[in-house]
Amino acid sequence: MTLYNKGGQPTKFDKYGNLDGIDYVILNIICYDSNVTIRPVGKSSASGHQLKIKEDLIKWNTVDSVMFANIFDSIWNSDSEECFRCSDLEWSNENRTHCIAKVEEFLSYTNDVISLVVSTLCILFFLITLLILGVFVSYRDTPIVRANNKNLSFLLLVSIKLSFLSVFLFLGRPVDITCMLGNITFGITFSIAVSSLLAKTIMVCVAFKATKPGSSWRKWVGVKLSNSVVLFCSSIQIIICMTWLAISPPFQELDLHTYPGTIIIQCNEGSAIGFYSVIGYMGLLAAVSFVLAFLARTLPDSFNEAKYITFSMLLFCSVWITMIPAYLSTKGKNTVCVEIFAILTSSAGLLACIFLPKCYTILFRPVMNTIRINQRKTINSV
C-alpha cells in the first residue's frame, strides 16, 4: 500500500508497520478548565531506534491523575524495537533502559524525624499519666479523690494511658493487623474515657438533687449508676467496632498512582461508614457530656469538677471536628500525622483539664484539703 504526503511524494510502510522516513512527534495534551493545549515534547525516529523526550516541557496533571504516566513506566529495547512495560511496583530509570523499584512512602521509625518526635511525646505523656495515677492511688482516701468517684478517675487515667500507647500502632509500615488494631483501639479507649466523664457529670447532678430533703434521687447515689453508664456507653462503641471488623475491616493498601515513582503504603478504612460511625459516636458522647457539664458547672458542691469537664469536652470536640476535613484533604503519611495529632492533643487535653488542677491541690495546697475535711465534719455533727 502506498500513501502520498503533502508534497506528492510516495510513502510506504516498512516491515514493522511504521511509515518509512517519517519521524513521530510526541505531543503533550494539557487540559485546563475548558481549554486544551497541545505542544510537542519529544520525537521518535523513523527507524524506532531513538526516543527523545524533553521532560522539562511536560506538564503533568497531579490533581486527579497523572497524564501519560505510562511513558515513565516503560523501558525502550532498541534490539527488538519494542517498549516493555515495567511492573506496578517499578518504573523506568532516567535513560529508560531498566526498571527500578519505586520509592515506598510510609511513616517510618528510622527515616522520619516526625516518628521520633511522636514516639518521644507518647512516652513522655504516658509517664506523666502514670505519675498522676500514682498520686491518685497514694491519696485515694482524701476528699478531692473520693468526692468525684475515685474508681472513675482510675478508669479514666488507664484509658488515657492506652490512648497514648495506641499511637504506636500508627507508626511504621502498615499491615492489615495494625490497620485494624489502630482504628479500633483509639475508638474504644476514647469511648471509655468520655463515658467516664459522662458518668462523672451525671453523678454530680444526681448528688446535688439527692441533697434535698426527701429526694428520691438518693437511691441513685453510688457506684452502680456510674458503672452502668460507663458499661452501657462503652458497649455500644464495642458493638460498632466489631460490626465494622465483621463487614469490611481496615486493610493495607498500596497507592501506586497518586505520585509518579512512589508507592504510598497506607491503611484503607475498609468501610467508610464504619470509620465515621466510630468517630461520630465519640462525638455524640462528648457532646452529651459537654452539655450536662455546662449545665452543672455552677452547682454548689464540694470539688465540683463539672467546669473542668466542660473545658475538656470543648477541647475534645474542637480537635476532632477540625481533624475530619484535614484527614480528608491529605494523602499518605500526612493523613497518619493528622490522626496522631488528634489522638495526642485530645488525650493531653483530657489529662490537663481533669487531673492537673487536682494534682496541684493535692501536692501544693494540702491545707485546702484539710479545711474541706473539717468543714464536712462540722456540718455532719450539726
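Residues numbered from 1 in each chain as written. Predicted model: local features only at pLDDT ≥ 70, side-chain atom pairs only at ≥ 80, totals over all residues. Heavy atoms only, no water.

> Is there a simple way to think about the pattern of salt bridges in this case?
Enumeration over the complete set of coordinates arrives at two salt bridges. The closest approach of N and O atoms between arginine 173 and glutamate 104, which form a salt bridge, is 2.7 Å. Of the two residues, arginine 173 is situated in the loop between α3 (150-165) and α4 (176-210) and glutamate 104 in strand β10 (residues 103-105); the sequence distance between them amounts to 69 residues. We classify arginine 173 as partly exposed; its relative accessible area is 40%. With a closest N to O distance of 2.8 Å, lysine 333 and aspartate 112 form a salt bridge. Placement of the pair is lysine 333 in helix α8 (residues 333-364) and aspartate 112 in the loop between β10 and α1 (113-138), with a sequence separation of 221 residues. (Salt bridge = Lys/Arg side-chain N within 4 Å of Asp/Glu carboxyl O. Helix = DSSP H or I, 4+ residues; strand = E, 2+ residues; numbered from the N terminus. Buried < 20%, exposed > 50% of the residue type's maximum accessible area, 1.4 Å probe, protein only.)

> Is there a simple way to think about the sheet that holds β10 in this case?
Strand pairing within a sheet occurs via backbone hydrogen bonds; the two strands may be parallel or antiparallel. One open sheet accounts for three strands, arranged β10-β12-β11; its pairing is mixed. In the strand order of this sheet, the two ends are held by β10 and β11 (251-255), each with one partner. Neighbouring strand axes in the sheet, compared pairwise and without regard to direction, differ in orientation by 25° on average. The sheet contact formed by β11 and strand β12 (residues 262-268) spans five bridges and is antiparallel. Paired with aspartate 255 across the bridge in β12 is isoleucine 264. (Pairing = 2+ DSSP bridges. Axes fitted to C-alpha atoms, helices over the stretch in contact; angles between N-to-C directions.)

> Can you walk me through the nonpolar core in this structure?
A general trend in soluble globular proteins is that nonpolar side chains are found buried together. Counting residues in hydrophobic clusters, the biggest one holds 64 residues, and the most contacted among them are Phe136, Phe186, Met313, Phe316, Trp320, Ile340 and Phe355. Listed by contribution, the elements that provide at least two residues to this core are α1, α2 (143-146), α3, α4, α5 (223-247), α6 (272-296), α7 (306-328) and α8. Ranked by the residues each element gives to this core, the list is headed by α8, at 13 residues. What methionine 313 contacts, discounting residues up to four positions off in sequence, is Val194, Leu197, Ala286, Ser289, Phe290 and Leu350. (Core = buried A, V, L, I, M, F, W, Y, C linked by side-chain atoms within 4.5 Å. Contact = heavy atoms within 4.5 Å.)

> Teacher, can you tell me more about the packing of aromatic side chains here?
The description of an aromatic ring pair uses the distance of the two centres, along with the angle that the planes make with each other. This structure, assessed with the given rule, holds 13 aromatic pairs. When the centroid spacing of 5.2 Å and the interplanar angle of 20° are considered together, the rings of phenylalanine 275 and tyrosine 327 count as stacked. Taken as a pair, phenylalanine 275 in helix α6 and tyrosine 327 in helix α7 lie far apart in primary sequence, 52 residues in all. Considered together, phenylalanine 275 and tyrosine 327 belong to a single accessibility category, that of buried residues. (Phe/Tyr/Trp six-rings, centres within 6.5 Å; stacked < 30°, edge-to-face > 60°.)

> Help me understand the state of the cysteines in this model?
Put plainly, two cysteines are in a disulfide when a covalent bond ties their sulfur atoms together. Scanning the model with the defined rule gives one disulfide in all. Two residues share a disulfide in this structure: cysteine 179 and cysteine 267, whose sulfurs sit 1.9 Å from each other. Taking the sign of the torsion about the S-S bond as the criterion, the disulfide between cysteine 179 and cysteine 267, at about -80°, is left-handed. With cysteine 179 in helix α4 and cysteine 267 in strand β12, the pair connects residues that are 88 residues apart, well separated along the chain. Overall, the relative accessible area of 1% leaves cysteine 179 in the buried class. (Disulfide = S-S within 2.5 Å.)

> Sorry if this is basic, but what is going on with the UniProt feature "transmembrane region" (unreviewed entry) in the protein chain here?
Feature annotation in UniProt assigns "transmembrane region" (unreviewed entry) to the following positions: residues 113-139, 151-172, 184-208, 229-247, 278-296, 308-328 and 340-363. End C-alpha atoms of residues 113-139 are separated by 39 Å, and the span's content is 96% helix alongside 0% strand. Between the C-alpha atoms that bound residues 340-363 there is a distance of 32 Å. The span itself is 100% helix and 0% strand. (UniProt positions renumbered as here; feature names shortened; annotations may be inferred.)

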